[in-house]
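Notes for the structure review
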Amino acid sequence: MLLIPRVPPARRSEGFGALLRAARHRFKEDVRAAKDRDPAVRSTAEVVLAYPGLHALWLHRIAHRMWRRRPFRLPARVLSHINRALTGIEIHPGAKLGRRVFIDHGMGVVIGETSEVGDDVMMYHGVTLGGRSMFKGKRHPTIGDRVVIGTGARVLGPITIEEDAQIGANAVVVKDVPAKAVVVGIPGRVRKRPGDDYDEYADPAIYI
């Protein structure tokens, strides 16, 4: 007979406590990221209660943890569907999102299953991280740290947007983008490269 060792209650409570502390820390990180990046913020309560980008991110984290356990994949998809209905933001539970990601406004954002998003990424409403094929494997973009993606931009296929790049509003990007570059247009083209004289803090919505 196979004996399954029992985890002592004290150890279980310690693990749960650590999980709660980590969740609380992430919660504070997310709120701070929103306050730092949105000049319209007036209070912490406003961010917590009225920012759908944060609500979508928090629900996605739950759905993603469920997705990683095969028996819970259907409930994870249902939760992502509820997330979409509540926030207008569609994030597949298989997508991997980093820390301090901020989705401003958020309506119409779509993030596909095999997308990978780094830390401190900011994206505006109408952004799509989508695929260009019916291939079952990696078919969505990989977004590096500190990338900014402007309103309505489409980043399509298993391409890589390297760290600190900026994607202009309504750009359609189907090729890799180097670090610190600014990409605009349809199809997306590199307008400015590292070393060029441009304001790294400019809103990418101006690059149309």
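The coordinates are above.
The model shown is predicted, which means the values in this text are computed figures rather than measured ones.

This next bit is on the overall build of the protein. If you tally the helices and strands in the protein, you get 4 helices and 15 strands. Every one of the 208 residues in the protein was classed for burial, and the buried ones make up 43%. For the protein, long-range pairs separated by at least 24 residues make up 33% of all intrachain contacts whose partners lie at least 6 apart in sequence. Counting only carbon and sulfur atoms, one obtains 57% of the accessible surface of the protein, whose full area is about 12,200 Å².

What follows deals with the packing of helix α3 (residues 52–67) against helix α4 (residues 73–87). Viewed as axis vectors pointing N to C, α3 and α4 meet at an angle of 175°, and their least axial separation amounts to 8 Å. For the element pair α3 / α4, the angle class is roughly antiparallel. Contacts between α3 and α4 involve P52, H55, A56, L59, H60, I62, A63, M66 and W67 from the first element and R73, P75, A76, R77, L79, N83, L86 and T87 from the second. Looking at the contact of α3 with α4 residue by residue, the classes come out as 11 nonpolar, 4 polar and 2 charged.

Pairing is parallel across the open sheet formed by 4 strands, whose spatial order is β2-β5-β8-β11. Only two strands of the sheet have a single partner each, and these edge strands are β2 (96–97) and β11 (160–161).

Next up on the list: a nonpolar patch on the surface. Together, L74, V78, I82 and L86 make up an exposed nonpolar region whose accessible area comes to about 410 Å². In this structure, L86 sits in helix α4. For L86, a relative accessible area of 63% puts it in the exposed group.

Further remarks concern the side chain of T87. Here T87 is to be found in helix α4. On the basis of relative accessible area, T87 is assigned to the buried category, the value being 7%. Engagement of the side chain of T87 in a polar contact is seen with the backbone oxygen of N83, the distance being 2.8 Å.

Counting 29 residues, the largest nonpolar core has M123, L129, I143, I149, I161, I167 and V173 as the members making the most contacts within it. Excluding its chain neighbours within four sequence positions, the residues that come into contact with M123 are F102, I103, D104, V109, I111, V117, L129 and I149.

The sheet built from 5 strands is open, its strands ordered β1-β4-β7-β10-β13 with parallel pairing. Looking at which strands have only one partner, the edges of the open sheet turn out to be β1 (90–91) and β13 (172–173). Sheet topology note: the strand β7 (residues 128–130)/strand β10 (residues 154–156) ladder contains 3 bridges and is parallel. Bridging from a neighbouring strand, G130 pairs with L156 of β10.

A few words now on the environment of P158. In this structure, P158 sits in the loop between β10 and β11. Considered as a pair, P158 and D176 are 18 residues apart in the sequence and their alpha carbons are 8.9 Å apart. With residues near it in sequence (within four places) discarded, P158 still touches K138, R139 and H140.

Basis of the calculations
- Residues numbered from 1 in each chain as written.
- Predicted model: local features only at pLDDT ≥ 70, side-chain atom pairs only at ≥ 80, totals over all residues.
- Heavy atoms only, no water.
- Helix = DSSP H or I, 4+ residues; strand = E, 2+ residues; numbered from the N terminus.
- Buried < 20%, exposed > 50% of the residue type's maximum accessible area, 1.4 Å probe, protein only.
- Contact = heavy atoms within 4.5 Å.
- Areas by Shrake-Rupley, 256 points an atom, 1.4 Å probe, with all protein chains shown as cover.
- Axes fitted to C-alpha atoms, helices over the stretch in contact; angles between N-to-C directions.
- Parallel < 35°, antiparallel > 145°, perpendicular 65-115°, else oblique.
- Nonpolar A, V, L, I, M, F, W, Y, C, P; charged D, E, K, R; others polar.
- Pairing = 2+ DSSP bridges.
- Patch = residues over 30% accessible without salt bridge, like charges linked within 9 Å, V, L, I, M, F, W, Y side chains within 5 Å.
- Salt bridge = Lys/Arg side-chain N within 4 Å of Asp/Glu carboxyl O.
- Polar contact = N/O pair within 3.5 Å; in protein donor to acceptor, adjacent residues only side chain to side chain.
- Core = buried A, V, L, I, M, F, W, Y, C linked by side-chain atoms within 4.5 Å.

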